[in-house]
Structure formats: structure tokens, C-alpha cells
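# Examination of the molecular architecture
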Amino acid sequence: MSENTLSSQDRKHLDDLYEYIQEQYRFFVGYPCRGDLDYSELFRFMHYPINNVGDPFVPSTYRVHTRQIECEVVRWFARLTHAPEDNYWGYVTNGGTEGNMYGLFLARELLPEGMVYYSQDTHYSVSKNLRVLKMQNIMIKSQANGEIDYEDLYETIRIHRDVPPIIFATVGTTMTEAIDDIGRIRRMLEDLAIPNSYIHCDAALCGMTLPFIDGAPVYDFRAGIDSISISGHKFIGSPVPCGMVLAKKRNVERIARSIEYVGTLDTTLTGSRNGITPLFLWYAIRKTGTEGFKRLVRECFELADYAIAKFREIGLDAWRNKYAMTVVFPKPPESVLAKWGIAVQGDIAHIIVLPNIKAGQIDELVADIHAAMTD
Ligand SMILES: Cc1ncc(COP(=O)(O)O)c(C=O)c1O
């Protein structure tokens, strides 16, 4: 195949874009997307139309795929989340939103009359997922730290106890990285003698941090969840968004359909699926290892505490939840927001101290805020 080279104008267009991204990345501290991993060893795979269409565990007639490695990644996450050895299934998604939609989809298929409960601090995509899936739902109040309000949840389920509850719990809320206590929610359902329920855990960020912290809250299959979604591009880091969804295999079998055209089972949400992102995840997991992840999480917490001390030095009330690398502080002046990629909500803002964040960036941010405050 002959291909023309790019015109000098087009090349400049690309160079300018590259420069723009490099510049923005310097100030990119407010979103949980890590960016310092080197995946260049995998570039040779980009020459192929890799596609992991359909179920990763079932062979397909589409043979240019990385499903073997995807299954290895699924198994790694299954061990990490203590999924039942003989009853788990999963795949690499396009990100947290797809994994959450998958969990809700399964819940709806199992409990079509179910009512979804989720907190005010749940990620914004969940209410859209609920609209797409046409599931009845009730939003529960949040506590000041971002955790679900257990009294409000208990009372609301009690009032609707004739309807099977579907709990959408968040383990690491978007704004404050608060952790909903799944064990407590499970006990609540037992206390109310609810016969049928479903718990999905949205562990977009913390699914990759809590397993590496001694004494961290139990949030996974040991706590009684039915499915879980974890983002891949957040703590692990990937140039292409991705994630992992895990669910109980016997529940997934209830929705599986066999498709002759691709010779496999249609258990996933999308048909064609990214075959490169499982490679990224596999590569990062193999290179980092358990000890590596433990060290990274510890270093992030140390730097988060450093950031809090720096904010406090200039009189700002900064804080973080106990197992969080998200540092919350009062919304800074507009001039600071124009320069720094910081997420805000109402009168608070946050930075997320991922492994790629440097102390120098925190110093510069705090200095900018101080200058803007004293202007
Ligand atoms: C708690 C939580 N859930 C879900 C998502 C959505 O994840 P994604 O952007 O990977 O679709 C996010 C994103 O920040 C999140 O913070």
C-alpha cells in the first residue's frame, strides 16, 4: 500500500498539538489519570487490526487478538479483589463508566423490578447509565466527607422493602475519594431481612490502591459485592482509557448470547473491543508488581500529606480522607484555574496526588494560589 507523506503544514499541525499536550500535562494535577509510564515496547503491536471482540474467555473466529493476555489481566484482578475462584468472569472495558454500566445491566437482568440506591457523591455518569438502562432509582444523601449517609440509606430501603435493592456503592468518590462501607451496607440488608439484592462496587481509583494498603477497608467480593468496576487509566495509567469489570460468572451466563458471525459469546457491552489496552495493563502490572504498587501508594500518601502541609502554610484548610490521595481544598481564584488543570465542585477543589505528581508541581501550585490570594 502506498501512502503519501504528510505535508509540512499537516506536520506542523501535529507538532503544535504535541506541544500543547506537553504544556498542559505540566499543570494536569486535578484528574486521576496517571501519565508517566513508557509503553513504547508495545508500539509494534499497533501495526495490526487487533480486536478482542466478544467474550475474552471463549475462542473466536477473529484470531488477531490479545485475549490470552486479557484473561491473564482478568485473573490478576480477580485475585486482587478476592473474586470467588470458581465463579468469576470479567473483561477489559473502555473505562469506569462502561464497567459501572455493565454491573447495573447485570443487576437489572437479575432483578428487573429492582430499585437502585446511590449517593449524591456518585460519579456523574451513573445517573446517565440509569437513564439508558431505564432503572428506577433513588439518590441518597452524602456525608460531609463524601461517604454515603447510612441512616438515609437504611430508612429509604426500609420504606421500599418490598422492592429488591440494587446498591451502587462507591469506593473512592470522584471529588473526595470517600469510601462507602460495603460491609455495613450488607449488614443493613440482613438487618432488614431483604431476600434479594445486588451490590455493585465502583472502585474506579481505590480498586488499585486499597489492596496495597495494610489494614485498608474490605470493599471487594469478601464484603459481599456482586460486581466491581476499576479504572485502568487512573492509578495504573494508560494513554488510552480502559478499565476492568468483574462479576459473578453464573450471573453473566444468564445474559450470554451465542453469535455465529464472530463465533463467540456476546457477553460484553460492546462488540469490537480494544485489544491494545489489555496489553498496556498487562505490561504495567508485570513491570510494577505487588511490591511496586505498595511503594507507589505509600509515596502518593506521603506527597499528599506534603501538599496538605503546604496548603496549610498559606492558611488554606486542606484535607484528605484516611485512605485517599485526593487532597481537597477551597476553590482557588479563577486566575489559578486558568493555568492549572484542577477539578472543582461548588466551593471546593481537589488535586489527586498520583505517582506522576512531583513535589515541585505542588510548590508551584501553592505559590500561584498564594500570589492570587494576596493580589
Ligand atoms: C468514582 C468514579 N467512578 C467512575 C468514573 C468514570 O470513570 P471513566 O472516566 O473511566 O469512565 C470516575 C471518573 O473519574 C470516578 O471518579
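Please read all numbers here as calculations on a predicted model, not as lab measurements.

A few words now on the packing of aromatic side chains. If you walk through the whole model with that rule in mind, you get 13 aromatic pairs. On the numbers, 6.3 Å between centres and 75° between planes, the contact of Tyr102 with Phe105 is edge-to-face. Residue Tyr102 and its partner Phe105 are both found in helix 3 (residues 96-110); the two are separated by three residues, about one turn of the helix. Ring pairs connect the aromatic residues Trp76, Phe77, Phe212 and Phe293, which therefore count as one cluster. Sitting over the ring of Phe301, Arg320 keeps its end group 4.9 Å from the ring centre.

Below, the discussion takes up the pairing of strand 4 (residues 165-170). Buried residues dominate strand 4, accounting for six of its six residues. Alternating residues of strand 4 divide into Pro165, Ile167 and Ala169 and Ile166, Phe168 and Thr170, and every residue in both groups is buried. As judged from the three bridges shared by strand 2 (residues 115-119) and strand 4, these two strands associate in the parallel manner. Counterpart to Tyr117 in the pairing with strand 4 is Ile167. Bridge count between strand 4 and strand 5 (residues 198-202): five bridges; the pairing is parallel. Each bridged residue has a counterpart across the sheet, and for Phe168 the counterpart in strand 5 is His200. This β-α-β element, strand 4 to helix 6 (residues 182-191) to strand 5, shows right-handed connectivity.

For the rest of this paragraph, the subject is the site of the ligand. Contacts to the ligand come from 13 residues, most closely from Gly96, Thr97, Thr174, Asp202 and His233. In the environment of the ligand, an oxygen atom lies 3.0 Å from a nitrogen or oxygen atom belonging to the side chain of Thr174. Taken by itself the ligand offers 390 Å² of open surface, and the protein chains cover 84% of this. Elements with a contribution of two residues or more to the shell around the ligand: helix 3 and helix 7 (233-237).

Before going further, it helps to examine the packing of helix 5 (residues 150-159) against helix 6. With their axes 11 Å apart at the nearest point, helix 5 and helix 6 run at an angle of 30° to one another. Judged by the inter-axis angle, helix 5 sits roughly parallel to helix 6. Considering only the axes of helix 5 and helix 6, their crossing is right-handed. In contact with Tyr150, Glu151, Leu153, Tyr154 and Ile157 of helix 5, helix 6 contributes Arg184, Ile185, Met188, Leu189 and Asp191. By residue class, the composition of the contact of helix 5 with helix 6 is seven nonpolar, no polar and three charged.

Turning next to the state of the cysteines. Enumeration according to the criterion identifies zero disulfides in this entry. The thiol of Cys206 is unpaired, and the distance to the nearest cysteine sulfur, on Cys201, comes to 9.1 Å. Counting only cysteine sulfurs, Cys206 is the nearest neighbor of Cys300, a cysteine outside any disulfide, at a range of 12 Å.

Another point: the sheet that holds strand 5. Strand order in the open sheet formed by seven strands is 1-7-6-5-4-2-3, and the pairing between neighbours is mixed. A strand with exactly one partner marks an edge of an open sheet, and here the two such strands are strand 1 (88-93) and strand 3 (137-140). Sheet twist, expressed as the mean angle between neighbouring strand axes with direction ignored, is 15°. Bridge count between strand 2 and strand 3: four bridges; the pairing is parallel. Following the sheet pairing, Tyr117 is matched in strand 3 by Ile138. On top of the sheet, helix 2 (residues 67-80) reaches strand 1, strand 6 (227-231) and strand 7 (243-248); it is set at about 120° to strand 1, its chief contact.

By the assigned domains, the protein splits into domain 1 (8-37 + 289-374) and domain 2 (43-285). In this structure, domain 1 and domain 2 have C-alpha centres spaced 27 Å apart. In this complex, domain 1 contributes 28 residues to the contact, which on the side of domain 2 involves 26 residues. Buried surface at the junction of domain 1 and domain 2, both sides included, amounts to about 2100 Å², of which 68% is carbon and sulfur.

In the Ramachandran plot, Lys134 falls in the positive-phi region, its phi being about 50° despite a non-glycine side chain. Along the chain, Lys134 turns up in the loop between helix 4 (125-133) and strand 3. Note on Lys134: relative accessible area 75%, which makes it exposed.

Let us look at the sheet that holds strand 10 (residues 326-330). Strands sit in the order 10-12-11 across an open sheet of three strands; the sheet is antiparallel. Each having just a single partner strand, strand 10 and strand 11 (343-345) make up the two edges of the open sheet. Across the sheet, the mean angle from the axis of one strand to that of its neighbour is 30°, orientation sign disregarded. Pairing of strand 10 with strand 12 (residues 348-352) involves five bridges; the strand directions are antiparallel.

Next up on the list: a nonpolar patch on the surface. Taken together, Leu6, Leu14, Leu17, Tyr20 and Ile21 make up a surface patch of nonpolar side chains, about 500 Å² in accessible area. Tracing the chain through its elements places Leu14 in helix 1 (residues 8-26).

Residues of helix 4 that are buried include every one of Ser125, Val126, Asn129, Leu130 and Leu133, and no others. The buried residues of helix 4 occupy an angular sector of 145° when projected down its axis, which confines them to one face. Elements that come into contact with the buried residues of helix 4 comprise helix 3, strand 2, strand 3 and strand 4. Taken from the residues just after helix 4, Lys134 is the one with a positive phi, measuring 50°.

Cut-offs used in this document
Residues numbered from 1 in each chain as written. Predicted model: local features only at pLDDT ≥ 70, side-chain atom pairs only at ≥ 80, totals over all residues. Heavy atoms only, no water. Phe/Tyr/Trp six-rings, centres within 6.5 Å; stacked < 30°, edge-to-face > 60°. Helix = DSSP H or I, 4+ residues; strand = E, 2+ residues; numbered from the N terminus. Lys NZ or Arg CZ within 6 Å of the ring centre and 35° of its normal. Buried < 20%, exposed > 50% of the residue type's maximum accessible area, 1.4 Å probe, protein only. Pairing = 2+ DSSP bridges. Right-handed = clockwise from strand over helix to strand, strands pointing away. Near = heavy atom within 4 Å. Polar contact = N/O pair within 3.5 Å; in protein donor to acceptor, adjacent residues only side chain to side chain. Areas by Shrake-Rupley, 256 points an atom, 1.4 Å probe, with all protein chains shown as cover. Axes fitted to C-alpha atoms, helices over the stretch in contact; angles between N-to-C directions. Parallel < 35°, antiparallel > 145°, perpendicular 65-115°, else oblique. Left-handed = near helix turned anticlockwise from the far one by under 90°. Contact = heavy atoms within 4.5 Å. Nonpolar A, V, L, I, M, F, W, Y, C, P; charged D, E, K, R; others polar. Disulfide = S-S within 2.5 Å. Domains from an automatic or database assignment. Buried area = accessible area lost by both parts, 1.4 Å probe. Patch = residues over 30% accessible without salt bridge, like charges linked within 9 Å, V, L, I, M, F, W, Y side chains within 5 Å. Salt bridge = Lys/Arg side-chain N within 4 Å of Asp/Glu carboxyl O. Arc of directions from axis to C-beta.

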